[in-house]
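# Observations on the three-dimensional arrangement
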Amino acid sequence: MSKPVHPNLVSFQVSGDYALFTDPITRVGGEKCTYQVPTYEALKGILASIYWKPTLIWYIDAVRVMEPIQTEVKGIRPIKYHGGNDLAYYTYLKHVRYRVLAHFEWNDNRPELAGDRNEHKHHNIARRMIQKGGRRDIFLGTRECQGYVEPCDFDGEAGHYGELPELSFGLMYHGITYPDEAYSPETAGQMTANFWYPVMRGGVISFARPEDCPLHKPLRALEPKPFGAAEQNFSGLAEFGEVI
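Analysis parameters
- Residues numbered from 1 in each chain as written.
- Predicted model: local features only at pLDDT ≥ 70, side-chain atom pairs only at ≥ 80, totals over all residues.
- Heavy atoms only, no water.
- Helix = DSSP H or I, 4+ residues; strand = E, 2+ residues; numbered from the N terminus.
- Rg over C-alpha atoms; globule rule 2.2 N^0.38 Å.
- Buried < 20%, exposed > 50% of the residue type's maximum accessible area, 1.4 Å probe, protein only.
- Contact = heavy atoms within 4.5 Å.
- Areas by Shrake-Rupley, 256 points an atom, 1.4 Å probe, with all protein chains shown as cover.
- Lys, Arg positive; Asp, Glu negative; His and termini not counted.
- Charge placed at Lys NZ, Arg CZ, Asp CG, Glu CD.
- Expected span 1.5 Å × (residues − 1).
- Polar contact = N/O pair within 3.5 Å; in protein donor to acceptor, adjacent residues only side chain to side chain.
- Salt bridge = Lys/Arg side-chain N within 4 Å of Asp/Glu carboxyl O.

### Some words on the overall build of the protein
Secondary structure summary: the protein contains two helices and twelve strands in total. Scanning the protein from its N terminus toward the C terminus, one meets helices and strands in the order β-β-α-β-β-β-α-β-β-β-β-β-β-β. Whereas a compact globule of 244 residues would reach a radius of gyration of roughly 18 Å, the protein reaches 19 Å, a difference of no more than 12%. Seen through its C-alpha atoms, the protein measures out along the principal axes to roughly 50 × 50 × 35 Å. The burial tally for the protein puts 45% of its 244 residues in the buried class. By sequence separation, contacts in the protein at least 24 residues apart represent 73% of the contacts at least 6 residues apart. Working note: accessible area of the protein is about 12,600 Å², and carbon and sulfur atoms make up 52% of it. If the 26 positive side-chain charges of the protein are averaged to one point and the 30 negative ones to another, these points end up 4 Å apart.

Shown next as structure tokens:
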């Protein structure tokens with residue numbers, strides 16, 4: 001993707017009573033068990049709830065785990081696909097707090113929005129939205145896990161694992177590349193799952209970019225989401241006539 005002139009870094013803290021970070025490929029019902037740490041896709045989704053436009057793509061650079069990793073099992077009665085209820089046990093993370101460092105780059109798959117590539121505007125709006133707790137509801141992996149966002153200094157606090165040299169989490173789901181964020185001919189027109197091997201050093205996980213993940217799995221063909229007046233979901237550059 002095209003890189004703006006400036007790094008356009010943002011940092012924020014997100015916290016909540018519970019979190020459930022699972023691999024969505026296996027999320028078809030029944031038992032759910034959280035990963036020990038948040039996925040790239042979950043953090044990207046939080047940032048998209050804070051501020052997002054199709055002009056840009058958010059990249060998560062790093063996450064700092066601030067609280068000890070604890071889990072709690074709950075008995076849940078989820079709604080079954082064909083009616084009725086079922087009994088399942090969900091394993092949640094509890095009392096979570098993370099500090100996140102991220103930046104944005106321009107989405108080259110949206111050349112029609114090239115006129116909106118004003119990095120100063122987008123960076124300042126994103127920072128203001130972080131101060132206000134986001135534009136939309138924040139949740140930690142799943143809808144029942146409400147999250148709360150506030151600005152922070154990413155390096156201002158060591159966190160619970162600041163003195164831990166290294167901790168590996170094995171093979172883990174990284175995120176999904178949708179066709180409107182495709183970075184190669186292979187990912188164009190495809191929904192592609194990415195997997196990697198995260199390692200926490202000094203309490204910080206530095207994320208690989210989607211294209212740098214060692215494993216990629218095409219899931220299915222998919223067309224980019226259309227934006228425009230005809231779809232009544234985006235008014236184009238007219239929306240940006242007044243700088244917020």
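The structure having been displayed, the exposition proceeds.
### Overview of helix α2 (residues 119–131)
With 13 residues, α2 extends 18 Å between its outermost C-alpha atoms, agreeing within 8% with the 18 Å of an ideal straight helix rising 1.5 Å per residue. Taken together, the buried positions of α2 are Glu119, Lys121, His122, His123, Ile125, Ala126, Met129 and Ile130. Of the surrounding elements, those touching the buried residues of α2 are β1 (9–19), α1 (40–50), β3 (56–65), β5 (88–106) and β6 (148–151). For α2, the capping residue at the N-terminal end is asparagine 118, with a side-chain oxygen 3.3 Å from the backbone nitrogen of histidine 120. Glycine 133 lies just past α2 and shows a positive phi near 85°.

### Examining the pattern of salt bridges
Scanning all chains against the criterion turns up 13 salt bridges. Where arginine 99 meets glutamate 157, a salt bridge forms, and the shortest distance between an N and an O atom there is 3.3 Å. Highlighted residues: arginine 99 in strand β5 and glutamate 157 in the loop between β6 and β7 (167–168), separated in sequence by 58 residues. Note on arginine 99: relative accessible area 11%, which makes it buried. The class of glutamate 157 is partly exposed, set by a relative accessible area of 33%. Its salt-bridge partner being glutamate 211, residue arginine 209 comes within 2.8 Å of it at the nearest N-O pair.

Honestly, it's all geometry; don't read function into it.
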